[in-house]
Amino acid sequence: MGQHMEKTRALLVQQGVWGNSAASMPLAIGYLKSYAEADDRVRRLMDISIRNYPGDAGLNAMARDLIRDGVPDILCFSVLGWNFRAFGTLAETFKQMNPQGWVIFGGNHVAHQAERVFRMFPQVDVVVNGEGELVFRDLMNAYIDGARHAELHGIQGISFRETDGNLVTTPPRERIQDLEILPSPILTGAIPLVDKKGRFLYDYALMETNRGCPYKCAFCYWGGATGQKMRAFSRERLREELDVLGRHGADILMLADSNFGLLREDEEFLDDLLRVRSKYGFPNRLETSWAKNKSAGFYRIMEKMKQSGMHSAFILALQTMDDSVLDLMRRRNMKLNDWEGLVSWLIEHDITPYLELIWGAPGETVASFLEGYDRAARHTPFIAVHPLMLLPNTEYHTKKQEHGLVTVRGEQDDFDYVLSHNTMTLADNERMLRFICWNRVLARSLWLHNIWVALRELADIPQSRVILSFSDWVEESDDPEARELHAVARPTSSASENVDPNVWRLLTKRLLKLWWEESMRPGLPPHLVPVMDEVFRYDLMCQPIRMLPDGSGPEEDLPVVTKHGENWYLRSKVEFLYPVSDLIAALRRGEKVSTETERHTTDFYYRAEFGGDLQHYFRMDRFRGLTEQQVDERCTKV
């Protein structure tokens, strides 16, 4: 009987973002596994498996899972700012049970940061600096050869400590020029794709069509970390991956690309995607980081998506409108000056654009930011505002002192949050963080939808002033419910525009009416008060019909009718002094309107069984009150 040789066990560990209850598709560590197992020796002598955890997985649960089948020999963590601390703690637990085992950290957040990583977590043995596939294979072979983790001088692209504690960083490894040497984790089966019942495992499928970024923005480590030259996977390979994902029913496809639509190959990829969708019915939605500079191919891509009914959120990452701030960001090489024409083109083609801005960039002031925000708001209410945070391996991080950046580390993550800098005081920042909260709630989530247009076009009151008016009123009001709301009305994390979920529970129509009466109405020209009152009342009428907290039924007793095969609450014959919907539509088109009264009656339809999830604009929009014409238009389009 031949002697059985037990394989070396290596676990590749990933954890999803901030409290997300669903595990994301482990594409990055899938590449590590598939490339390492393409090596005959590694495949024969090692058992490499993936541990993929959702963002809300606790440390205790992850630690028990990692050792449930026995203590592994190697733990390799895919590290990002939100899991850095958790993975450091798991490394400590692992070393208690296997002091001779290896702990490897890789990912943009820790690359070239070995001194800090080793200081904070002495249990970490190796930090990978750059692309990980070739490095991981070499590390596995070194382990098989019996190398010690303090003697890895022959492997390029890593940092480790020698026996005496001396930190060694080996020469960098060249970027992978021919991506075809990397076996596809989707095609090789390195990544599990379906559950026992054959259902696709993830909320969305992840793919890379290329690597690299031609830009080196000061706030982002995409270009700095992955190199400027873009390298593409072959069309044949990508077509096969699409076929597998479509066959397994992946509804949403998210591309891990920096500038989709920039390369000629991107249009070919879309053609293949649409063919796969026609064949299997999936994927139905494409999400990606779109190219900053728009080519003729980009417009053809958008046309094809519209014609085929392929959904996508078009996000235009403007970041700032101020030229001097763009200079400091190193984004002036992007042709963003024609963004207004692009947004108009998208709207004309029924494609909803989402604009992104960063608050708190060096050189930006409250005044310059709000001026840019209001310029963007003239075109769409969907403006995401993200507070600046400093990422490692970015220019802002290395020039922190030059910009006077004062930062603090996150409590639950490892990001540097900006408190102040040379052109932003702490007081400025505090006020604008509240602005970000109320932009997310009132504008982007469509709590108010029409009043912005009326105030801007008829009273020359920009959107930012309205949002700040509500923010200041909540802060200063003596109303008990307003005080309670103020206490929770701030972003839950400076790394995003998410807000405390209690805001959605505490914000009521009563508070909105009180703010309107006390803060906005007194400052309006008297002749505009009647029309503004009616537009504001119309907005409140458009609020979804919520269910009562005890689940006993809807908050209002409205009859239920059936239209287009769905159940709707019907609010009949609501009288207005103006035909508000027509008036707002004319203002959006840039037409002049009369403010003379013209009595109008409107029926409002609300989709039934709204669960009360007011945090997401697309759910809010789905359950908002619609006129009969709007219902017919939407349902017919769908």
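One can find the structure itself at the top, above this paragraph.
Values in this document were obtained by computation on a predicted structure and should not be read as measured data.

Chemist: Where do I start with the overall build of the protein chain in this structure?
Modeler: Assigned secondary structure in the protein chain consists of 24 helices and 21 strands. What you see for the protein chain is a C-alpha radius of gyration of 27 Å, in line with the 26 Å of a compact globule of 638 residues. C-alpha atoms of the protein chain, sized along the principal axes, occupy 95 × 55 × 55 Å. Partitioning the contacts of the protein chain with sequence separation of at least 6, the portion at a separation of at least 24 is 70%. Computed over 76 positive and 91 negative side-chain charges, the separation of the two mean positions in the protein chain equals 3 Å.

Chemist: Even after reading the chapter, I still don't get the packing of helix 8 (residues 235-247) against helix 9 (residues 264-280), so can you show me in this structure?
Modeler: The angle between the axes and the distance between the axes are what describe a pair of packed helices. Between helix 8 and helix 9, whose axes approach to 9 Å, the crossing angle comes to 30°. With respect to their mutual orientation, helix 8 and helix 9 come out roughly parallel. In this structure, helix 8 crosses over helix 9, and the sense of that crossing is right-handed. Mapping the contact onto sequence places Arg235, Leu238, Arg239, Leu242, Asp243, Gly246 and Arg247 in helix 8 and Glu268, Phe269, Asp271, Asp272, Leu273, Arg275, Val276, Lys279 and Tyr280 in helix 9. Split by residue class, the contact of helix 8 with helix 9 holds 6 nonpolar, 1 polar and 9 charged.

Chemist: Sorry if this is basic, but what is going on with helix 8 here?
Modeler: Owing to its 3.6 residues per turn, the α-helix aligns residues three or four sequence positions apart on the same side. The terminal C-alpha atoms of helix 8 lie 18 Å apart, and with 13 residues this matches the ideal 18 Å at 1.5 Å per residue to within 8%. Those residues of helix 8 that fall on the buried side of the exposure criterion are Arg237, Leu238, Glu241, Leu242, Asp243, Val244, Leu245 and Gly246. If you follow the buried residues of helix 8, they end up packed against helix 1 (27-37), strand 8 (205-207), strand 11 (252-255) and helix 9.

Chemist: I'm lost on the pairing of strand 2 (residues 46-53) in this one. Help?
Modeler: Each regular strand carries side chains that alternate between the two faces of the sheet. With 6 of 8 residues buried, strand 2 is to be regarded as a mostly interior element. Looking at chain direction, strand 1 (residues 8-15) and strand 2 are connected through 8 bridges and run parallel. Residue Val13 lies in a different strand from strand 2, and its bridge partner there is Arg51.

Chemist: Just to check I follow, could you spell out helix 16 (residues 451-459) for this structure?
Modeler: With respect to burial, helix 16 is a largely interior element, 7 of its 9 residues being buried. Turning to helix 16, its buried residues are Ile451, Trp452, Val453, Ala454, Leu455, Arg456 and Ala459. Elements in contact with the buried residues of helix 16: helix 13 (366-377), helix 15 (426-444), helix 17 (463-476), helix 20 (509-520), helix 21 (529-541) and helix 22 (580-588). Once helix 16 finishes, Asp460 follows within two positions and takes phi at roughly 55°, a positive value.

Chemist: I keep staring at the environment of Val168 and nothing clicks. Help me out?
Modeler: In this fold, Val168 is placed in strand 7 (residues 167-169). Val168 gets classed as buried once you look at its relative accessible area, which sits at 13%. Ignoring any residue separated from it by four or fewer positions in sequence, one finds Val168 in contact with His153, Ile158, Ser159, Phe160 and Glu162.

Chemist: How do you make sense of the pairing of strand 17 (residues 406-409) when you look at a structure like this?
Modeler: Bridge count for strand 17 against strand 18 (residues 416-420) is 4 bridges, and the pairing is antiparallel. Pairing of Val408 across the sheet is with Tyr417, part of strand 18. Counted between consecutive antiparallel strands, the loop separating strand 17 from strand 18 contains 6 residues.

Chemist: Before we go on, may I ask you to explain the sheet that holds strand 16 (residues 389-390) in this structure?
Modeler: In a beta sheet, neighbouring strands pair by backbone hydrogen bonds and run either parallel or antiparallel. Spatially, the 3 strands line up as an open sheet ordered 16-18-17, and their pairing is antiparallel. Of all strands in the sheet, those with a lone pairing partner are strand 16 and strand 17, marking the two edges. The pairing of strand 16 with strand 18 spans 2 bridges and is antiparallel. Looking across to strand 18, one finds that Met389 is bridged to Tyr417.

Chemist: Looking at this structure, I do not really get the packing of helix 16 against helix 22. What am I missing?
Modeler: Packing of helix 16 against helix 22 leaves a shortest axis separation of 10 Å and a crossing angle of 60°. In terms of their interaxial angle, helix 16 and helix 22 are classed as oblique. Between helix 16 and helix 22 lies a crossing whose hand is left-handed. Each of Val453, Ala454, Glu457 and Leu458 in helix 16 lies in contact with helix 22, whose residues at this interface are Ile584, Leu587 and Arg588. Grouping the amino acids of the contact of helix 16 with helix 22 by side-chain chemistry returns 5 nonpolar, no polar and 2 charged.

Chemist: Teacher, can you tell me more about a negative patch on the surface here?
Modeler: On the surface, a cluster of negative charge is contributed by Asp178, Glu180, Glu236 and Glu240. Here Glu240 lies in helix 8. For Glu240, a relative accessible area of 46% translates into the label partly exposed.

Chemist: I'm lost on the side chain of Gln14 in this one. Help?
Modeler: Here Gln14 lies in strand 1. Within the local environment of Gln14, its side chain forms a polar contact with the side chain of Ser24, the two groups lying 3.2 Å apart. When residues no more than four places from it in sequence are discounted, the contact partners of Gln14 are Ser24, Met25, Pro26, Leu27, Ile29, Arg51, Asn52, Tyr53 and Phe87.

Chemist: What's the story with the pattern of salt bridges in this structure? I'm lost.
Modeler: Think of it this way: side chains of opposite charge can pair up when their charged atoms draw near. Counted under the stated rule, the structure contains 46 salt bridges. Ionic pairing is found between Arg211 and Glu131, a salt bridge with its closest N-O pair at 2.8 Å. With Arg211 in strand 9 (residues 210-211) and Glu131 in the loop between strand 5 (126-128) and helix 6 (133-144), the pair connects residues that are 80 residues apart, well separated along the chain. Take Glu131: its relative accessible area is 14%, and that puts it in the buried class. Taken together, the salt bridges that share partners define one network made up of Glu131, Glu133, Arg175, Glu208, Arg211 and Arg231.

Chemist: Please explain the packing of aromatic side chains as it appears in this structure.
Modeler: The geometry of an aromatic ring pair is captured by two quantities: the separation of the ring centres and the angle between the planes. As enumerated under the stated definition, the model contains 27 aromatic pairs in all. Between Tyr299 and Trp345, the aromatic rings sit 4.8 Å apart at their centres with planes inclined by 85°, giving edge-to-face as the arrangement. Placement of the pair is Tyr299 in helix 10 (residues 296-308) and Trp345 in helix 12 (residues 339-348), with a sequence separation of 46 residues. When its relative accessible area of 24% is taken as the criterion, Tyr299 is described as partly exposed. Taken together, the ring pairs connect Phe260, Phe269, Trp290, Phe298, Tyr299, Phe314 and Trp345 into an aromatic cluster. In this arrangement the basic side chain of Arg211 is found over the ring face of Tyr31, its NZ or CZ atom lying 5.1 Å from the centre. It is Lys563 that lies over the ring of Tyr605; its NZ or CZ is 5.5 Å from the centre.

Chemist: For this particular structure, what's the right way to read empty space enclosed by the protein?
Modeler: Over the atoms a probe the size of a water molecule is rolled, and this reveals where empty space is left. Under the definition given, this model contains 2 cavities of 30 Å³ or more. Contributing to the lining of the largest cavity are Ala63, Leu66, Ile67, Leu75, Leu90, Thr93, Phe94 and Met97. Elements represented by at least two residues in the lining of the largest cavity include exactly helix 3 (59-67) and helix 4 (84-97). Looking at which element gives the most residues to the lining of the largest cavity, the answer is helix 4, with 4 residues. In terms of residue class, the lining of the largest cavity is made up of 7 nonpolar, 1 polar and no charged.

Parameters and conventions
Residues numbered from 1 in each chain as written. Predicted model: local features only at pLDDT ≥ 70, side-chain atom pairs only at ≥ 80, totals over all residues. Heavy atoms only, no water. Helix = DSSP H or I, 4+ residues; strand = E, 2+ residues; numbered from the N terminus. Rg over C-alpha atoms; globule rule 2.2 N^0.38 Å. Contact = heavy atoms within 4.5 Å. Lys, Arg positive; Asp, Glu negative; His and termini not counted. Charge placed at Lys NZ, Arg CZ, Asp CG, Glu CD. Axes fitted to C-alpha atoms, helices over the stretch in contact; angles between N-to-C directions. Parallel < 35°, antiparallel > 145°, perpendicular 65-115°, else oblique. Left-handed = near helix turned anticlockwise from the far one by under 90°. Nonpolar A, V, L, I, M, F, W, Y, C, P; charged D, E, K, R; others polar. Expected span 1.5 Å × (residues − 1). Buried < 20%, exposed > 50% of the residue type's maximum accessible area, 1.4 Å probe, protein only. Pairing = 2+ DSSP bridges. Patch = residues over 30% accessible without salt bridge, like charges linked within 9 Å, V, L, I, M, F, W, Y side chains within 5 Å. Areas by Shrake-Rupley, 256 points an atom, 1.4 Å probe, with all protein chains shown as cover. Salt bridge = Lys/Arg side-chain N within 4 Å of Asp/Glu carboxyl O. Polar contact = N/O pair within 3.5 Å; in protein donor to acceptor, adjacent residues only side chain to side chain. Phe/Tyr/Trp six-rings, centres within 6.5 Å; stacked < 30°, edge-to-face > 60°. Lys NZ or Arg CZ within 6 Å of the ring centre and 35° of its normal. 1 Å grid on protein atoms, 1.4 Å probe; cavity = no way out; pocket = protein on both sides within 12 Å on 5 of 7 lines; lining within 4 Å. Points joined across faces, edges and corners; volume = space filled by probe spheres on them.

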